Amino acid sequence: MSERLLDVADLEVRYRTARRQQVRAVDGVSLHVDAGELVALVGESGCGKTTTAQAVMRMAPIAAGRVAFRGRDITSLSQREMRPVRRELQLIFQDPYESLDPRFRVRDTVAEPLDIHGVRDRRDERLREALERAGLTPPELYLDRFPHELSGGQRQRVAIAASLVLEPRLLLADEPVSMLDVSVRAGILNLLDGLRAGGLGILMITHDLSTAAHYADRICVMYLGRIVEEGPAAAVIGAPRHPYTRALVSVVPQPDPDARSAPEILQGETPNPADVPTGCRFHPRCPVAQDRCRTDDPALRDAGEPGQRAACHYA
Ligand SMILES: Nc1ncnc2c1ncn2[C@@H]1O[C@H](COP(=O)(O)OP(=O)(O)O)[C@@H](O)[C@H]1O
Ligand code: SF4
Ligand SMILES: [Mg+2]
């Protein structure tokens, strides 16, 4: 049994808009990540993926629910109490152009977390190891460069090196390749895959189902602030049980002509977390909705393969 690193239960994050509307950015999310596991959190823009990761990092206000890291409840730790937790729990951002300070050399960017956490021993070795683990070898070639002297893929590797230097257990990677040139994406994804194989837990946020299908052990599909389907990647992609997942899968290009299904284009307005529909939150767009879907909110329950669950009355 691998260690349960992250356990999120019934997490809620709410914001108020300028017009005093309540936005249910995260509205009851439960998920977990074990050591050596890559879990993909998939869903369209605005469904609450980034806010979920921020809440785990305690960078977004938690209105309800619980976040546990390595068995310890961190939901109400003070920012001071969170400091040692942050050594083991690192966030990788989407945009390596924004996340690196243009005035910092690579060595300073990667050493910054060591300084913040007061780590002084084996400093040079730690820097080198982090760069090597991030695929920047030999490290001497990169240590004194500035961000403008690096490609997009190299920048993201520097950001990953900075997140590895404290030897974390869990990485939260928020769309780690979406700002990168297509030609370098696989390199970064393979790097994350290698880190997972080395025992790290990874929660990878992506809006791209084919990336999730290829790299994830498990997939969690998010819709309007909630997980509506989860399970082993092969089951969720191969035999989705929730109508929303089916619609997402139907528009992913399939190499095998026999596996192709007609693309299902979702009807209705794009969902609004300031106005969550009653009953099943997907009902205004669901092609198979019935009367009870307008009033009864379906819970996630077992459906399909072992470990697969869907929040649909008819899954
Ligand atoms: N700081 C904030 N203040 C108000 N609304 C926010 C804030 N952060 C996110 N939201 C809203 O919460 C919802 C979820 O956003 P986000 O988590 O960024 O989605 P995703 O990462 O899936 O695209 C969106 O409607 C977004 O506008
Ligand atoms: S519960 Fe009803 S509306 Fe919701 S996904 Fe299932 S069939 Fe569609
Ligand atoms: Mg996002």
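Our subject is the structure that appears above.
To start, this report covers the structure provided alongside it.

Cut-offs applied
Residues numbered from 1 in each chain as written. Chains lettered and ligands numbered in written order. Predicted model: local features only at pLDDT ≥ 70, side-chain atom pairs only at ≥ 80, totals over all residues. Heavy atoms only, no water. Helix = DSSP H or I, 4+ residues; strand = E, 2+ residues; numbered from the N terminus. Buried < 20%, exposed > 50% of the residue type's maximum accessible area, 1.4 Å probe, protein only. Contact = heavy atoms within 4.5 Å. Areas by Shrake-Rupley, 256 points an atom, 1.4 Å probe, with all protein chains shown as cover. Lys, Arg positive; Asp, Glu negative; His and termini not counted. Charge placed at Lys NZ, Arg CZ, Asp CG, Glu CD. Axes fitted to C-alpha atoms, helices over the stretch in contact; angles between N-to-C directions. Parallel < 35°, antiparallel > 145°, perpendicular 65-115°, else oblique. Left-handed = near helix turned anticlockwise from the far one by under 90°. Near = heavy atom within 4 Å. Polar contact = N/O pair within 3.5 Å; in protein donor to acceptor, adjacent residues only side chain to side chain. Pairing = 2+ DSSP bridges. Nonpolar A, V, L, I, M, F, W, Y, C, P; charged D, E, K, R; others polar. Phe/Tyr/Trp six-rings, centres within 6.5 Å; stacked < 30°, edge-to-face > 60°.

### Quick notes on the overall build of the protein chain
- Looking only at helices and strands, the protein chain has ten helices and twelve strands in total.
- Along the longest, intermediate and shortest principal axes, the C-alpha atoms of the protein chain span 65 × 50 × 45 Å.
- Burial analysis of the protein chain (315 residues in total) assigns 48% to the buried set.
- In the protein chain, 62% of the contacts between residues at least 6 apart in sequence involve partners at least 24 apart.
- Of the roughly 15000 Å² that the protein chain leaves accessible, carbon and sulfur atoms contribute 47%.
- Taking the average place of the 41 positive charges on the side chains of the protein chain and the average place of its 44 negative ones, the gap between the two points comes to 4 Å.

### A few points about the packing of helix H4 (residues 106–116) against helix H6 (residues 152–164)
- Orientation of H4 relative to H6, taken along the N-to-C sense of each, is 30°, at an axis distance of 7 Å. With respect to their mutual orientation, H4 and H6 come out roughly parallel. Remark: the crossing between H4 and H6 carries right-handed chirality. Contact residues: Val-106, Thr-109, Val-110 and Pro-113 in H4; Val-158, Ala-161 and Ala-162 in H6.

### Re the site of ligand 1
- The immediate surroundings of ligand 1 are formed by Tyr-15, Ala-25, Glu-44, Ser-45, Gly-46, Cys-47, Gly-48, Lys-49, Thr-50, Thr-51 and Pro-273.
- Cys-47 is positioned with one of its backbone polar atoms (N or O) 3.3 Å from an oxygen atom of ligand 1.
- Separating an oxygen atom of ligand 1 from a backbone N or O atom of Gly-48 is a distance of 3.1 Å.
- For ligand 1, whose unbound accessible area comes to 560 Å², protein coverage reaches 62%.
- Sort the elements by how many residues they give to the shell around ligand 1 and helix H1 (residues 49–56) lands first, with three residues.

### Considerations on the sheet that holds strand E1 (residues 4–16)
- The strand order across the open sheet formed by four strands is E2-E1-E4-E5, and the pairing between neighbours is antiparallel. In this open sheet, the two edge strands, each paired with only one partner strand, are strand E2 (22–34) and strand E5 (72–73).
- Two strands pair when backbone bridges link them, and strand E4 (residues 64–69) and E5 are joined in this way by two bridges, in the antiparallel orientation. Counted as the bridge partner of Ala-68 is Asp-73 from E5.

### Things to note about the sheet that holds strand E12 (residues 309–310)
- Judged by pairing direction, the sheet is mixed, and its eight strands sit side by side in the order E6-E7-E8-E3-E9-E10-E12-E11 without closing on themselves. Only two strands of the sheet have a single neighbouring strand rather than two, namely strand E6 (89–92) and strand E11 (301–302).
- Strand direction decides the pairing type here: strand E9 (residues 218–223) and strand E10 (residues 226–232), joined by six bridges, are antiparallel. For Tyr-223, the partnering residue across the bridge sits in E10 and is Arg-226.

### Thoughts on the site of ligand 2
- Around ligand 2 sit 13 residues in total, of which Cys-280, Cys-286, Cys-293, Cys-312 and His-313 are the nearest.
- Split into classes, the residues belonging to the shell around ligand 2 amount to ten nonpolar, three polar and no charged.

### What about the packing of H4 against helix H5 (residues 123–133)?
- Close contact between H4 and H5 brings their axes to 10 Å; oriented N to C, the two are set at 115°. At the point where H4 passes H5, the crossing takes the right-handed sense. Contacts between H4 and H5 involve Val-106, Arg-107, Val-110, Ala-111, Leu-114 and Asp-115 from the first element and Arg-123, Arg-126, Leu-127, Ala-130 and Leu-131 from the second.
- Here the residues of the contact of H4 with H5 are counted per class, giving seven nonpolar, no polar and four charged.

### A short note on H1
- Among the eight residues in H1, six count as buried, and that is most of the element.
- Looking one or two residues beyond H1, the residue adopting positive phi is Arg-58, at roughly 60°.

### Overview of the packing of aromatic side chains
- A full pass over the atoms with the stated rule returns three aromatic pairs.
- When the ring of Tyr-223 is compared with that of Phe-282, the centres are 5.0 Å apart and the planes differ by 85°; the resulting orientation is edge-to-face. Here Tyr-223 is found in strand E9, whereas its partner Phe-282 is found in the loop between helix H10 (243–250) and E11, with 59 residues between them in sequence. Grouping residues by exposure puts Tyr-223 and Phe-282 together as buried.
- Between Tyr-244 and Phe-282 the ring centres are 5.4 Å apart and the planes differ by 65°, which places this aromatic pair in the edge-to-face class.

### Description of unusual backbone geometry
- Here the amide bond leading from Thr-137 into Pro-138 is cis, since omega sits at -10°, within 30 degrees of zero.
- On the secondary structure map, Pro-138 appears in the loop between H5 and H6.
- Backbone geometry places Arg-58, a non-glycine residue, at a positive phi of 60°.
- Here Arg-58 shows up in the loop between H1 and E4.
- Accessibility expressed as a relative area gives 16% for Arg-58, which makes it buried.
- Unlike most non-glycine residues, Glu-167 shows phi in positive territory, near 55°.

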